[in-house]
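Residue strings, one per chain:
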Amino acid sequence: MATTDSKDSESRERLDVPTAMRRAADQLAELLQCEPSSVSALKAVDDGWSADIEVVELEKVPDTASVMATYRVSLDLQGQLVGYERIRRYAKGQIDR
């Protein structure tokens, strides 16, 4: 029974930050079939991780006219994707004020 308890506690341990960032970006890339530009936010939440990931949705010339999107990705404690949503679209050259 001790073996089961130790396995349960290990499976509930939170990932470290670099691993959570990689898993969030990798799993979103697989779903969207494009490489993320960056992970702009990552935070621990009660049931796992929440990450905001920037993606080029539409490439244009000049590059600053490309359309970017921010996706919010939810991971469980083990780093498995449990949900995502696009929360923002903007021109690549746009600066927040």
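Right above here is the structure, for reference.
Within each chain, residue numbers correspond to sequence positions counted from 1 in written order. Only residues with pLDDT of at least 70 are given local features in this predicted model, and only at 80 or more are side-chain atom pairs given and counted; all residues enter the totals for whole chains, interfaces and linings. Values reported for side chains reflect all heavy atoms of the structure, with hydrogen atoms and water molecules removed beforehand.

Asker: I'd like a rundown of the nonpolar core, residues and numbers included.
Answerer: Definition used in this section: a nonpolar core is a set of buried Ala, Val, Leu, Ile, Met, Phe, Trp, Tyr and Cys residues joined via side-chain atoms within 4.5 Å. Using a 1.4 Å probe on the protein chains alone, a residue whose accessible area is under 20% of its type maximum counts as buried, one over 50% counts as exposed, and one in between counts as partly exposed. Judged by nonpolar contacts, Leu-15, Ala-20, Ala-24, Leu-28, Trp-49, Ala-51, Ile-53, Val-55, Ala-69, Tyr-71, Val-73 and Leu-75 together constitute the single largest core of 12 residues. A run of H or I in DSSP becomes a helix once it reaches four residues, and a run of E becomes a strand once it reaches two; helices and strands are each numbered from the N terminus. When contributions to this core are tallied by element, the ones reaching two or more residues are helix H2 (17-32), strand S2 (48-58) and strand S3 (67-76). Residues contacting Leu-75, with those up to four places away along its chain left out, are Ala-20, Arg-23, Ala-24, Gln-27, Asp-47, Gly-48, Trp-49, Gln-80, Leu-81 and Val-82. Contact criterion: two residues are considered in contact whenever any of their non-hydrogen atoms come within 4.5 Å of each other.

Asker: Talk me through the packing of aromatic side chains; I want residue IDs and the actual numbers.
Answerer: In summary, the pairing rule links any two rings of Phe, Tyr or Trp, Trp by its six-membered ring, whose centres are within 6.5 Å, and it sorts them by plane angle into stacked for under 30 degrees, edge-to-face for over 60 and tilted for everything else. Overall, the coordinates contain one aromatic pair when judged by the stated rule. Geometrically, a charge over a ring is one whose NZ (Lys) or CZ (Arg) sits within 6 Å of the ring centre while staying within 35 degrees of the ring normal. Seen from the ring of Trp-49, Arg-14 lies directly overhead, with NZ or CZ sitting 5.3 Å from the centre. The side chain of Arg-88 reaches across the aromatic face of Tyr-90, ending 4.0 Å from its centre.

Read these as layout, nothing more, since geometry by itself doesn't imply function.
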